[in-house]
Structures are given as structure tokens and as C-alpha cells.
Amino acid sequence: LDLSATGQTWDGFGAMNDWGDSNYWTNQETDLLMKKMGLNIMRIRIPVDESHWKNLVPGCKYAVDTYGARILASPWTMPAAMKDNGELNAKNASGALSHLKAECYEDYARYLEKFAAFMKESGAPLYAISVQNEPDMDASYEGCIWSPEQLLSFVRDYGHLVTSARLAGGETLRMDHKYYDSILNDATACANLDIVAGHLYGATPQTYALAAEKGKPLWMTEHLMNDSWSANTSHWEETLKMAMEINGCLEKGWNAYIWWYGRRYYSFLGDGEEGTSRNTILQRGKAYAQFSANIRPGDIHIGSSVSGASDLYTSAFLGEDGHISLVLVNPGKNAYDGVKVKAEGRSITSASASYTTESASESLQVALSGGACTLNLPASSVTTLVIP
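Described in the following lines is the structure provided in the data block. (Residues numbered from 1 in each chain as written. Predicted model: local features only at pLDDT ≥ 70, side-chain atom pairs only at ≥ 80, totals over all residues. Heavy atoms only, no water.)

### Describing the layout of surface pockets
Next, step 1: Space inside the largest pocket adds up to approximately 440 Å³.
Next, step 2: Lining of the largest pocket is provided by 21 residues; of these, Ser305, Val306, Ser307, Lys340 and Val341 occupy positions nearest its centre.
Next, step 3: Contributing elements (two or more residues each) for the lining of the largest pocket: β11 (324-330) and β12 (336-341).
Next, step 4: For the lining of the largest pocket, the leading source of residues is β12, giving 6 residues.
Next, step 5: Here the lining of the largest pocket is built from residues that sort into 9 nonpolar, 7 polar and 5 charged. (1 Å grid on protein atoms, 1.4 Å probe; cavity = no way out; pocket = protein on both sides within 12 Å on 5 of 7 lines; lining within 4 Å. Points joined across faces, edges and corners; volume = space filled by probe spheres on them. Helix = DSSP H or I, 4+ residues; strand = E, 2+ residues; numbered from the N terminus. Nonpolar A, V, L, I, M, F, W, Y, C, P; charged D, E, K, R; others polar.)

### Remarks on empty space enclosed by the protein
Next, step 1: One pass over the full model with this rule turns up 1 cavity of 30 Å³ or more.
Next, step 2: Roughly 40 Å³ of internal volume is contained in the largest cavity.
Next, step 3: As for the largest cavity, its lining consists of Trp76, Asn133, Glu134, Met137, Ala139, Tyr141, Glu142, Gly143 and Cys144.
Next, step 4: Across the lining of the largest cavity, the residue classes break down as 5 nonpolar, 2 polar and 2 charged.

### Remarks on the pairing of strand β1 (residues 12-16)
Next, step 1: Across the 5 residues of β1, 5 count as buried, placing the element largely inside the fold.
Next, step 2: Burial of β1 is two-sided: the residues Gly12, Gly14 and Met16 facing one way and the residues Phe13 and Ala15 facing the other way are all buried.
Next, step 3: Relative to strand β8 (residues 256-261), β1 is paired through 5 bridges, and the arrangement is parallel. Pairing of Gly12 across the sheet is with Ala256, part of β8.
Next, step 4: In the sheet, β1 pairs with strand β2 (residues 41-45) via 3 bridges, with the strands oriented parallel. Residue pairing in the sheet places Gly14 in a bridge with Ile41 of β2.
Next, step 5: The β-α-β motif built from β1, the intervening helix α1 (residues 27-36) and the parallel element β2 has right-handed crossover chirality. (Buried < 20%, exposed > 50% of the residue type's maximum accessible area, 1.4 Å probe, protein only. Pairing = 2+ DSSP bridges. Right-handed = clockwise from strand over helix to strand, strands pointing away.)

### Some thoughts on the pattern of salt bridges
Next, step 1: Tallying each qualifying case throughout the model produces 18 salt bridges.
Next, step 2: Between Arg278 and Glu29 there is a salt bridge whose closest N-O contact spans 2.8 Å. Taken together, the positions of Arg278 in the loop between β8 and α9 (283-292) and Glu29 in helix α1 put the pair 249 residues apart, joining distant regions of the chain.
Next, step 3: Residue class for Arg278 comes out partly exposed when judged on its relative accessible area of 40%.
Next, step 4: Glu29 gets classed as buried once you look at its relative accessible area, which sits at 0%.
Next, step 5: Measuring nitrogen to oxygen at the nearest pair gives 3.2 Å for the salt bridge that ties Arg264 to Glu273. (Salt bridge = Lys/Arg side-chain N within 4 Å of Asp/Glu carboxyl O.)

### Quick word on helix α4 (residues 148-158)
Next, step 1: Of all the positions in α4, only Pro148, Leu151, Leu152, Ser153, Phe154 and Val155 are classed as buried.
Next, step 2: Along its buried surface, α4 packs onto α3 (105-121), β5 (166-168), α5 (178-184) and α6 (187-192). (Contact = heavy atoms within 4.5 Å.)

### So, the sheet that holds β8
Next, step 1: Spatial ordering of the open sheet is given by β5-β4-β3-β2-β1-β8-β7-β6, a layout of 8 strands whose pairing is parallel. Of all strands in the sheet, those with a lone pairing partner are β5 and β6 (196-199), marking the two edges. Ignoring strand direction, the axes of neighbouring strands in this sheet form an average angle of 25 degrees.
Next, step 2: Here 2 bridges tie strand β7 (residues 218-222) to β8, and the two strands are oriented parallel to one another. (Axes fitted to C-alpha atoms, helices over the stretch in contact; angles between N-to-C directions.)

Below is the structure:
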């Protein structure tokens, strides 16, 4: 560990609440996700029907009041009347794509502000609101297609009208930098944009020097892996892929990581399907919590390097009180015994650890000697070492 090699400040871990208009997390589920697992970001969809906005208030208010949660609101589509083909979906049955009409840019900015102001006045303030969920996805469900030039024009000319929440850029399917470069390089647009947000479907975490140069936090706001998930198959290898992706975001300078559904049989909490039970943290949730329960908002990334183990992945953060959280992902089939952890310029005199595998989530013994500590890493595991 190298405490002098400091990087980004962490904003948080999160998950998506229900996509629909009513079946949102219960308070008990929010407790599991935010108290037990340590999530601090809740992503929500903006319902197109304004009469449904009020349905979001109780759960968001509880999360904000109880846990200081950061709410990210994402629109899948604007009202159909604002679109050139008058339809909610990004692509209709004939294959025609939908776009925001140029004469409705200001109306749309005021629509986003209206929702943000409504939530604020209802006691459930948003932390941020996005311009568009996946502007580059021609989906046959709710959506809207934007070009990079259109997104630049909207953020530059109308982004200032959104004042009740931070403004996040279009959440592209693969964190496509061409959607953000022109915004970040335009002084007015850059000033109107608070967060660079995108997804990681078919992509891997990459550094984004321009966002860092402009002081804009980089948020991964959606990814889903459920190809292997059913009651009759093992899905742990896929969960380890999730853990390695999170590690990649941490190491590449990203500031937040938000998974898809917080409650779903292939996610963190069971929903009663595929053999899962409601109000139960699944093994994937326990693996995610190795990160989210230990790396907290405000923590600062520090350097970590590994010798003698090419398939061991690490990321480390320093808390305001001086504690260190080191997450170690071992995706391989072999355990590593006698892993020694050293911190340059600091003697380790106390430490605790826990691990999650496909079948267990337990504490792990740590041996202390000579200012360093040693632990045994199980095969196919996610482990966190905390140095107070």
C-alpha cells in the first residue's frame, strides 16, 4: 500500500430502484441495502405520467432522511408530445427512431427542473438528475436518441435551467467519450454539467483524463449481469466478473458505481423468484458489500500493488479518520495462503478482514508481525482488509 499515491475521492455505491411506477423498495429493503450493505446512492426512473411522481416520494424521503442517500433520477423518455414521432419508445414498430424536437429543448429542461423541484419540495431532494438514459440505444422500449451534438446543444443552452439538482450528462451505453468531449471542451456547457455519467454494457472501465482535468466526477450508473442466473445454475463466476469490474472502476479513477436493480433474484436482495426470498441479502449482494460497506463516501483512493500473484486484483482507500480499506479480488480457483500486506511509511498494528465466496461470507483471521499483516485468501473470493 502506498498512502502517498492519492487519487480520486469516492462518491458512493448504489443500485436502481424498481423501474416501474409503484413497486419501489420497502423501508425494510432500504435498511438492508443502505444499513447492512452500505449503499448510499439510489437511482430512480422518472415516470412519464406526472401523477405517478408522488409514488416515489415516501421511499426516497426515507432513504434521504435515514441514511443521507444521494438520489439520482434518470429519464428514459420525455413526454411523447415533445418528440418528433410522438411516441415514448426510442424505436417504434416500423424501426423509426425518436428524438427530442429542437423547439422543445427548453420545455424539456423545464420538465427536468419541474421534477427535481417537486422532489425537493416533497422532502425527498435529488442529488442529481440525468439528461437521458442511454441516448445511443435504439430500444423498443422507452427511450430517446440523441447525437453528441444534440446533447452538447442542450447542456450548453439549457442546462442552466436545472437548478434543483446537479445535472448529469447523458448516460451512454458504453461510457462513450464522444458524447462528453465536446461538452467538457465548451466552457458554458462544462459549467452547466456536474457529473459525467455512463454505463458499461460491452465495455471495460477506462480512465477519462479530460473529465478529471475539468474536475467532473465520473459515475458508472448502470450495469447488469444475469446471463447465468437461474435456480439451477451457478452464477458465482459472473459475480466475480462484477467484482473485477468494480475494481477496474476504482483503479481507473471513477467516483461512483451503481448496479442495476437492488432487489431482484439475480441481484442483491431476493424478490421471491428463482428460489430467492424477499428481505434476504443474496451472495451477489454480500460480494458487492465487500466494497460498499467498507469504501465510504469521502474516502480517497491510494496506491496498491501486488507482487507474486498475477491474478489478484486490489484497490485501496483512505478514510478521513486514517483507516485503510483494502479490497482483494481473487477470481482464480486457487487459494493464496500467507498473503503479506505492507503499508509504506506506516506500521500495521491492528487489522480485521472478512471474505465472501459462493457459499460463505465470514470473518477472516489476520496475523500481525513486524509492522505488516498476513492473511489467507480463499479461492474465488472477494475479501476486505480494514486497517484502523
